[in-house]
Amino acid sequence: MWAESIVRRMPVFPSVRSLHNATSIRSADGQIESFVVTLQDPTPLAEQERLRAEFLAMDGHVLRIPLTSIKGRVATLLDPPDPRPPSRLGPWGH
């Protein structure tokens, strides 16, 4: 499979960006018989990427706060208990 973004520039018309995808079709013995080529307007993909980046920039810190709390609590639960009896622990439990 082959993919490439190409910008066409013509003197009289505005430039046009397109995404080209090509895939070969092979016969049973592995020989290339033909190709399927698609052209796609990448504008919706660029808009989707812009919205994703904007969302992560605005809400990334909001998403990290609960995850940090959860990670800390899970780490506490996964820590092995102190094998010393409580009477042998220091005044602060260490």
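Placed above this text is the structure.
Report on the accompanying structure. Note that this is a predicted model, so its numbers are computed, not measured.

1. Focus: the pattern of salt bridges
Considering all chains together, one arrives at three salt bridges under this definition. Ionic pairing is found between Arg-52 and Glu-49, a salt bridge with its closest N-O pair at 2.7 Å. Of this pair, Arg-52 and Glu-49 are both found in helix H1 (residues 43-78), three residues apart, which corresponds to roughly one turn of the helix. With relative accessibility at 45%, the residue Arg-52 sits in the partly exposed group. Among the residues examined, Glu-49 registers a relative accessible area of 39% and is labelled partly exposed. The partner of Glu-54 in a salt bridge is Arg-50, and the shortest N-O contact between them spans 2.8 Å. Placement of the pair is Glu-54 and Arg-50 together in helix H1, with a separation of four residues, close to one helical turn. In this structure Glu-54 comes out as partly exposed when scored by relative accessible area, which is 37%. One network of salt bridges, in which partners are shared, links Glu-47, Arg-50 and Glu-54.

2. With respect to the pairing of strand E3 (residues 32-40)
As judged from the eight bridges shared by strand E2 (residues 16-26) and E3, these two strands associate in the antiparallel manner. When the bridges of E3 are listed, Arg-26 appears paired with Ile-32. The antiparallel pairing of E2 with E3 creates a hairpin that spans five residues between the two strands, and Gly-30 there sits at a positive phi of about 90°.

3. Notes on a nonpolar patch on the surface
Nonpolar side chains collect at one region of the surface, where Ile-32, Phe-35, Val-37 and Leu-39 lie side by side and expose about 430 Å² of accessible area between them. With respect to the helices and strands, Val-37 occurs in strand E3. Taking relative accessible area as the criterion, Val-37 reaches 53% and is therefore assigned exposed.

4. A short note on the environment of Val-36
In this structure, Val-36 sits in strand E3. Sequence separation between Val-36 and Ile-25 is eleven residues, and the spatial gap between their C-alpha atoms is 7.4 Å. Leave out the neighbours within four places in its chain, and Val-36 touches Asn-21, Ala-22, Thr-23 and Ile-25.

Parameters and conventions
Residues numbered from 1 in each chain as written. Predicted model: local features only at pLDDT ≥ 70, side-chain atom pairs only at ≥ 80, totals over all residues. Heavy atoms only, no water. Salt bridge = Lys/Arg side-chain N within 4 Å of Asp/Glu carboxyl O. Helix = DSSP H or I, 4+ residues; strand = E, 2+ residues; numbered from the N terminus. Buried < 20%, exposed > 50% of the residue type's maximum accessible area, 1.4 Å probe, protein only. Pairing = 2+ DSSP bridges. Patch = residues over 30% accessible without salt bridge, like charges linked within 9 Å, V, L, I, M, F, W, Y side chains within 5 Å. Areas by Shrake-Rupley, 256 points an atom, 1.4 Å probe, with all protein chains shown as cover. Contact = heavy atoms within 4.5 Å.

Nothing here speaks to function; it is all geometry.
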